Amino acid sequence: MARMRVVDTRADAEKTFRVFHDRNPRREIPFDFGWPTEMQEVGQGKAEMYRSNKWKKDLQEYEEYKHVVEGTRTVYMVPGFLREWGDPRRSIDLCGPIVSFEEPMPKHFARLGPLLGLQVRLYRCDDGEPYLPTGDGADGNLYEITVARAYLGGAEHPETREKFLFVYDARGVHIVLTGGELGIEKDGIVG
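As a starting point, this report considers the structure included with it.

Each value, and the rule that gives it
- Residues numbered from 1 in each chain as written.
- Predicted model: local features only at pLDDT ≥ 70, side-chain atom pairs only at ≥ 80, totals over all residues.
- Heavy atoms only, no water.
- Helix = DSSP H or I, 4+ residues; strand = E, 2+ residues; numbered from the N terminus.
- Rg over C-alpha atoms; globule rule 2.2 N^0.38 Å.
- Buried < 20%, exposed > 50% of the residue type's maximum accessible area, 1.4 Å probe, protein only.
- Contact = heavy atoms within 4.5 Å.
- Areas by Shrake-Rupley, 256 points an atom, 1.4 Å probe, with all protein chains shown as cover.
- Lys, Arg positive; Asp, Glu negative; His and termini not counted.
- Charge placed at Lys NZ, Arg CZ, Asp CG, Glu CD.
- Expected span 1.5 Å × (residues − 1).
- Arc of directions from axis to C-beta.
- Pairing = 2+ DSSP bridges.
- Core = buried A, V, L, I, M, F, W, Y, C linked by side-chain atoms within 4.5 Å.
- Polar contact = N/O pair within 3.5 Å; in protein donor to acceptor, adjacent residues only side chain to side chain.

## With respect to the overall build of the protein chain
Counting its regular elements, the protein chain contains one helix and 15 strands. Taking 2.2 N^0.38 as the reference for a compact globule, 191 residues should give roughly 16 Å; the C-alpha atoms of the protein chain span a radius of gyration of 17 Å, in line with that estimate. On the principal axes, the C-alpha backbone points of the protein chain span a range of 50 × 35 × 30 Å. The 191 residues of the protein chain split such that 48% are buried. Nonlocal contacts in the protein chain, meaning residues at least 24 apart in sequence, comprise 70% of its contacts between residues at least 6 apart. For the protein chain, the exposed area adds up to about 10700 Å²; of that, 45% sits on carbon and sulfur atoms. For the protein chain, the distance from the average position of its 27 positive side-chain charges to the average position of its 32 negative side-chain charges is 7 Å.

## Considering helix H1 (residues 10–21)
The terminal C-alpha atoms of H1 lie 16 Å apart, and with twelve residues this matches the ideal 16 Å at 1.5 Å per residue to within 8%. Along H1, the residues classified as buried are Asp12, Ala13, Thr16, Phe17, Phe20 and His21. Viewed along the axis of H1, the buried residues span an arc of 140 degrees, placing them on a single side of the element. Facing away from the buried side of H1 by more than 90 degrees, the exposed set consists of Ala11 and Lys15. Directly after H1, the chain includes Asp22, whose backbone phi takes a positive value near 60 degrees.

## Some words on the pairing of strand S12 (residues 163–169)
With seven of seven residues buried, S12 lies mostly within the body of the structure. One ladder, built from six bridges, connects strand S11 (residues 151–156) with S12; its direction is antiparallel. Residue pairing in the sheet places Leu152 in a bridge with Val167 of S12. Adjacent in sequence and paired antiparallel, S11 and S12 are bridged by six residues, among which Arg161 carries a positive phi angle near 65 degrees.

## Remarks on the nonpolar core
With 26 residues, the main nonpolar core has Leu112, Leu152, Leu165, Val167 and Ile175 as its most contacted residues. Looking at this core, the elements that each hand over two or more residues are H1, strand S2 (38–52), strand S4 (74–77), strand S7 (110–122), S12 and strand S13 (172–178). Per element, the largest residue contribution to this core is six residues, and it comes from S7. In terms of nonpolar packing, the next biggest core, distinct from the first, is built from 14 residues, Phe109, Phe164, Phe166 and Val173 among them.

## A word on the pairing of S2
For S2, the buried fraction is high: eleven of the 15 residues fall into the buried class. Bridge count between S2 and strand S5 (residues 98–100): three bridges; the pairing is antiparallel. Counted as the bridge partner of Gln40 is Ile98 from S5. Direction of pairing for S2 relative to S4: antiparallel, over a ladder of four bridges. Within S4, the position partnered with Glu41 by the bridge is Tyr76. Here S2 runs beside S7; their pairing, made up of seven bridges, is antiparallel. Counted as the bridge partner of Tyr50 is Leu115 from S7. Bridging between S2 and strand S3 (residues 63–68) involves six bridges; their strand directions are antiparallel. Along S3, the bridge assignment pairs Met49 with Lys66.

## Examining the side chain of Ser52
With respect to the helices, strands and loops of the structure, Ser52 is situated in strand S2. Exposure remark for Ser52: the relative accessible area of 0% places this residue in the buried category. Separated by 3.0 Å, the side chain of Ser52 and the backbone nitrogen of Lys54 make a polar contact. The contact partners of Ser52, leaving out residues within four places of it in the chain, are Phe20, His21, Glu61, Tyr62, Glu63, Tyr65 and Leu112.

Laid out in structure tokens, this is it:
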């Protein structure tokens, strides 16, 4: 995988952290991995679930949060990342276009908290064309995705200034969530 150009976004990341957690960051965690240069658009995000110690005096005290998406949330995933629950050696075939991620990407971001999971409506394919399931059975097509030892991060794109969320662990970034109304505010994730 080619290395993507990243730019210094420390001030934006510190501001995002300060607003979300209502305190100054105490340390900088190295970003030891790169951004994927391409991902697959796989569906719409419906909820993000995470743990956070925002607003806590005791930083060892965490609370669980579930943000139900109010607007639209597009979900991008590294191809081949999603695996069968019963057989993790088998990846799940997903429908949707492969998208190149435009340079530059942020070098710094705010860690929002440990990830509990995502709820996502995955695209289905009809003659090779992706579509979102609708109608009475649409809720049956909602998938909950968990990633062991992963975190939910938030950042601002250095050129478009749009906020986005992403799921990462020690191996790298696996999922990116975007949306026009998405924000990272004092009350939590919005939009």
